[in-house]
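Take a look at the letters that make up each chain.
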Amino acid sequence: MTAERLGHEGLDEVLRRLAVRHDVPRPPQVSTADHVTAVLSQAIVEGELPPGTQLSEERIGRSLQVSRNTLREAFRLLSHDGLLVHHRHRGVFVPELDEADLTDIYRLRIALETGVLRSLGRADADRLRQLEDAVRSGEEAARRGRWRQVGTANMDFHQHLLALSDSPRMTTVGRQVLAETRLAFLSLRQPRTLHEPFLGRNRDLVRLLGAGRLAEAAEFLERYLLDSREQLLATLRADRA
């Protein structure tokens, strides 16, 4: 798949909408290259540029009105984060992950996310409200049958879990690994199968945190992530059989 197949007006509209969205940093707060990186990152993790898509420098540069050098710097940063891959003589693509990638991603997720909970003295009330909001967003999207939005809400939930650490470095690393996880979700044909079983478990985890049962919450989260990994791997094998 190439970005061209998404339709000229459709891709332009998506990128321009993301470029002015309130949660996407833009100049003068960040450099132009960082802004373009943020726009493309959101387009990838929200499924607007799905796995296997080839990115066109000319097309995207024209859409965002940036130079080719700026765009190449953004591509370099996204490649470093695992959200793009450069194939010699072919171009730049959104990667398609394999089983080894997913196993490694979940190994890191388990270490990071359960480590946050095990190191907590207590869960901050404002952070808990953000977790509750993400749970409600996922439940509402599920009621409407919008499973890609459920996936977005789930990634928000896990990002807020990492933010409980109050560590900018932890949240930065976590954002990268969650974005790679989302790539795997987006490559599969049955998102409901992946996301529906975990809606209730997200709410159960928030209850444990709110009750101050942090050790129990960490154990619960580890089982949750192991189950998520096995279900994702099984779905990947079935889809690619």
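These numbers were taken from a predicted model, which means no experiment stands behind them.

### Concerning the confidence of the model for the protein chain
Across the protein chain, pLDDT averages 90, with 96% of residues at or above 70. Within the protein chain, helix H1 (residues 8-19) has the poorest average pLDDT of any element, 81, and helix H6 (residues 125-143) the best, 96.

### Examining the layout of surface pockets
Each pocket or cavity is described by its volume, and for the largest pocket that value is around 1200 Å³. Forming the boundary of the largest pocket are 35 residues, of which Ser41, Gln42, Val45, Gln159 and Arg175 lie nearest the centre. Breaking the lining of the largest pocket down by element, the ones donating at least two residues are helix H2 (32-45), helix H4 (68-80), H6, helix H7 (147-163) and helix H8 (168-186).

### Concerning the sheet that holds strand E1 (residues 54-55)
Strand order across the open sheet formed by 3 strands is E1-E3-E2, with antiparallel pairing between neighbours. Of all strands in the sheet, those bounded by a partner on one side alone are E1 and strand E2 (85-87). Relative to strand E3 (residues 91-93), E1 runs antiparallel, the two sharing 2 bridges. When the sheet's bridge partners are listed, Leu55 is paired in E3 with Val92.

### Examining H2
Its 14 residues place the ends of H2 20 Å apart at the C-alpha level, agreeing with the 20 Å of an ideal helix rising 1.5 Å per residue. Of all 14 residues in H2, 11 are buried, a share of seventy percent or more. Those residues of H2 that fall on the buried side of the exposure criterion are Ala33, His35, Val36, Thr37, Ala38, Val39, Leu40, Ser41, Ala43, Ile44 and Val45. Among the residues trailing H2, Gly47 stands out with phi positive, at a value near 85 degrees.

### A short note on the pattern of salt bridges
Pairs may arise between side chains of opposite charge once their charged atoms sit close together. Within the structure shown, the criterion is met by 26 salt bridges. Across the pair Arg21 and Glu46 runs a salt bridge whose closest N-O atoms are separated by 2.7 Å. Taken together, the positions of Arg21 in the loop between H1 and H2 and Glu46 in the loop between H2 and E1 put the pair 25 residues apart, joining distant regions of the chain. Between Arg207 and Asp204 there is a salt bridge, with its nearest N and O atoms 2.8 Å apart. You can see Arg207 and its partner Asp204 sitting in helix H9 (residues 191-210), 3 residues apart, about one turn around the helix. Connected via shared salt-bridge partners are Glu132, Asp133, Arg136, Glu139 and Arg203.

### Some points on empty space enclosed by the protein
Inspection of every chain in the model, using the stated rule, returns 2 cavities of 30 Å³ or more. The space that makes up the largest cavity amounts to roughly 90 Å³. Mapped onto the lining of the largest cavity, the elements with two or more residues apiece are helix H5 (99-119), H7, H9 and helix H10 (214-240). For the lining of the largest cavity, a count of residues per class yields 6 nonpolar, 5 polar and 1 charged. In this structure, the second largest cavity occupies an estimated 50 Å³ of space. Looking at the second largest cavity, the residues that line it are Ala134, Val135, Gly138, Val150, Ala153, Asn154, Phe157, Leu199 and Asn202. Mapped by element, the contributors of at least two residues to the lining of the second largest cavity are H6, H7 and H9. The biggest single contributor to the lining of the second largest cavity is H7, with 4 residues.

### A word on the side chain of Arg182
Locating Arg182 in the fold gives a position in helix H8. Buried charge without a partner: Arg182 forms no salt bridge, and the closest opposite charge is Glu46, 7.0 Å away. What Arg182 contacts, discounting residues up to four positions off in sequence, is Val45, Glu46, Arg148, Gly151, Thr152 and Met155.

### Considerations on H5
The end-to-end C-alpha distance of H5 is 30 Å, a good match for the 30 Å that 21 residues give at a rise of 1.5 Å each. All of the buried residues in H5 are Leu102, Ile105, Tyr106, Arg109, Ile110, Leu112, Glu113, Thr114, Val116 and Leu117. Lining the buried residues of H5 we find H7, H8, H9 and H10. If you check the start of H5, you find a side-chain oxygen 3.2 Å away from the backbone N of Ala100, and it comes from Asp98.

### A look at the packing of aromatic side chains
Applying the stated criterion across every chain yields a total of 1 aromatic pair. The cationic tip of Arg109 hangs over the ring face of Tyr106; the distance from NZ or CZ to the ring centre is 5.2 Å.

### Some remarks on the packing of H5 against H7
Put simply, H5 and H7 touch, their axes get as near as 8 Å, and they point 55 degrees apart. Here H5 is positioned oblique relative to H7, judged by the angle of their axes. Facing Arg109, Leu112, Glu113, Val116 and Leu117 of H5, the residues of H7 in contact are His158, Leu161 and Leu162. Residues of the contact of H5 with H7, tallied by class, amount to 5 nonpolar, 1 polar and 2 charged.

About the criteria used
Residues numbered from 1 in each chain as written. Predicted model: local features only at pLDDT ≥ 70, side-chain atom pairs only at ≥ 80, totals over all residues. Heavy atoms only, no water. pLDDT = per-residue confidence, 0-100. Helix = DSSP H or I, 4+ residues; strand = E, 2+ residues; numbered from the N terminus. 1 Å grid on protein atoms, 1.4 Å probe; cavity = no way out; pocket = protein on both sides within 12 Å on 5 of 7 lines; lining within 4 Å. Points joined across faces, edges and corners; volume = space filled by probe spheres on them. Pairing = 2+ DSSP bridges. Expected span 1.5 Å × (residues − 1). Buried < 20%, exposed > 50% of the residue type's maximum accessible area, 1.4 Å probe, protein only. Salt bridge = Lys/Arg side-chain N within 4 Å of Asp/Glu carboxyl O. Nonpolar A, V, L, I, M, F, W, Y, C, P; charged D, E, K, R; others polar. Lys, Arg positive; Asp, Glu negative; His and termini not counted. Contact = heavy atoms within 4.5 Å. Polar contact = N/O pair within 3.5 Å; in protein donor to acceptor, adjacent residues only side chain to side chain. Phe/Tyr/Trp six-rings, centres within 6.5 Å; stacked < 30°, edge-to-face > 60°. Lys NZ or Arg CZ within 6 Å of the ring centre and 35° of its normal. Axes fitted to C-alpha atoms, helices over the stretch in contact; angles between N-to-C directions. Parallel < 35°, antiparallel > 145°, perpendicular 65-115°, else oblique.

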